Amino acid sequence: MRSRSASRPVSTLRRSLLALALAAPAFGAMAQAYPAKPITLVVPFPPGGPTDTASRIVGQRMSELLKQQVIVENKAGASGAIAAAQVAKAPADGYTLMMLATPTLLAPHLYKSARYDIQKDFTPVGTTYDLPIVMVVNPQSLPDVTTLPQLIAKAKATNPPLNYTSSGQGSFGHLTTESLKSLGKFEMSHVPYRGGAPAVTDVLGGQVPVMYADMVAALPHIKAGKLRAIAVGSPQRVPYLPDVKTVSEQGFPGFDAVSWGGLLAPAGTPAPVIGKLSEALKQTLAEPEIQEKLKAAGTFAAWQSPKDTAERIRRDDQKWGQVIRDKGVSIE
């Protein structure tokens with residue numbers, strides 16, 4: 001005679017299979033009904049920046065495709081860590097999303113108070129945009145520096161070291177320059193600012209001669225001749241500045257430093273819902289009008305699938321986290 005305890009595993013398995021069978025139609029119905037109410041898209045930065053602008057451009061078009069309003073909500077602070085911690089705990093139903101940007105991806109390496117794991121607490125919907133960065137110099141302060149090798153030679157010959165600035169301690173411009181310093185075996189001293197605008201202002205004024213800046217912040221001054229672009233961090237040249245060589249072309253093959261943004265949902269969001277959101281995002285980014293609007297905001301449409309976005313997150317989390325640890329960069 002079979003004991004009561006021996007029958008329990010079989011009974012449990014049957015119940016689990018039955019639950020899955022019952023859940024399958026529910027997931028299908030969920031995908032068909034979704035979205036049944038407005039979707040909140042959390043932007044972890046203040047209004048007006050490239051992440052906010054890109055989110056509003058994309059969100060508006062996705063509203064039309066999904067036939068439900070996508071409401072952009074700004075929750076700034078700690079490089080996006082405050083917003084990310086909240087979205088990570090939101091119901092995994094597809095009605096709360098977040099536009100990830102590189103600073104928020106890296107914040108757990110910089111802030112002890114960051115209460116989320118970027119790889120475990122979120123499910124990618126898709127990559128949305130790339131935000132190129134560019135190394136610029138003040139042409140009055142460094143009149144003979146027109147290329148990256150010339151800057152490196154100047155830095156090696158200068159004592160005390162040349163100063164460079166970025167939008168802040170732990171910013172992508174800061175980490176990229178520190179990585180480049182290690183590869184090129186040269187020194188420059190970091191002068192962090194609280195935001196890109198004041199940093200650019202002081203480079204224009206000659207207080208600091210060098211900056212690795214977001215393209216959107218530096219481009220007007222480059223076009224006006226007030227700043228000189230000497231390198232871009234992306235693997236390919238940037239259409240805005242087709243004559244400016246990449247870092248890779250100037251002696252550092254394979255160098256790749258691109259800030260980017262991607263749409264995320266809380267971990268556990270049902271796959272059919274992710275699929276519906278992802279398809280709407282893909283359609284949005286394929287439209288020439290949307291691509292032109294993003295370019296006007298200083299970004300480039302850069303669709304990648306949820307799987308490829310997850311891999312990009314893993315790769316950047318590992319790569320830049322290592323730079324942060326090697327350089328001892330900390331904000332708290």
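All of these numbers come straight from a predicted model, not from anything done at the bench.

S.K.: Quick one: what's the story with the packing of aromatic side chains, residue by residue and with numbers?
M.R.: Considering all chains together, one arrives at four aromatic pairs under this definition. Centre to centre, the rings of Tyr-240 and Phe-300 are 5.0 Å apart; their planes meet at 45°, and the pair counts as tilted. With Tyr-240 in the loop between β9 (228-232) and β10 (259-266) and Phe-300 in strand β11 (residues 300-304), the pair connects residues that are 60 residues apart, well separated along the chain. Residues Tyr-240 and Phe-300 agree in their burial class; the two are buried. Here the guanidinium or amino end of Lys-37 rests over the ring plane of Tyr-95, the centre of that ring lying 4.8 Å away.

S.K.: Can you lay out empty space enclosed by the protein for me, pointing to particular residues and giving the numbers?
M.R.: This structure, assessed with the given rule, holds one cavity of 30 Å³ or more. For the largest cavity, the calculated volume is near 50 Å³. Looking at the largest cavity, the residues that line it are Ile-39, Leu-41, Val-58, Gly-59, Met-62, Leu-66, Val-70, Leu-97, Met-99, Leu-263 and Leu-277. Elements with a minimum of two residues in the lining of the largest cavity: β1 (39-43), α2 (50-66) and β3 (96-101). Ranked by the residues each element gives to the lining of the largest cavity, the list is headed by α2, at four residues.

S.K.: Go over the layout of surface pockets with me, naming the residues and quoting the values.
M.R.: Estimated volume of the largest pocket: approximately 1100 Å³. Counting only elements with at least two residues in the lining of the largest pocket, the list comes to α2, α4 (102-110), β4 (122-131), α6 (172-184), α7 (196-205), β8 (210-214) and α8 (215-223). Among the residues making up the lining of the largest pocket, the classes are represented as 23 nonpolar, 14 polar and two charged. What the second largest pocket holds in volume is close to 360 Å³. Asp-130, Pro-235, Asp-256, Val-258 and Arg-312 are, among the 20 residues lining the second largest pocket, the residues nearest its centre.

S.K.: How would you explain helix α3 (residues 81-88) if you had to name every residue and give the values?
M.R.: Within α3, six of the eight residues are buried, leaving the element largely enclosed by the surrounding structure. Buried residues along α3 sit against β1, β3, α4, β4 and β10.

About the cut-offs
Residues numbered from 1 in each chain as written. Predicted model: local features only at pLDDT ≥ 70, side-chain atom pairs only at ≥ 80, totals over all residues. Heavy atoms only, no water. Phe/Tyr/Trp six-rings, centres within 6.5 Å; stacked < 30°, edge-to-face > 60°. Helix = DSSP H or I, 4+ residues; strand = E, 2+ residues; numbered from the N terminus. Buried < 20%, exposed > 50% of the residue type's maximum accessible area, 1.4 Å probe, protein only. Lys NZ or Arg CZ within 6 Å of the ring centre and 35° of its normal. 1 Å grid on protein atoms, 1.4 Å probe; cavity = no way out; pocket = protein on both sides within 12 Å on 5 of 7 lines; lining within 4 Å. Points joined across faces, edges and corners; volume = space filled by probe spheres on them. Nonpolar A, V, L, I, M, F, W, Y, C, P; charged D, E, K, R; others polar. Contact = heavy atoms within 4.5 Å.

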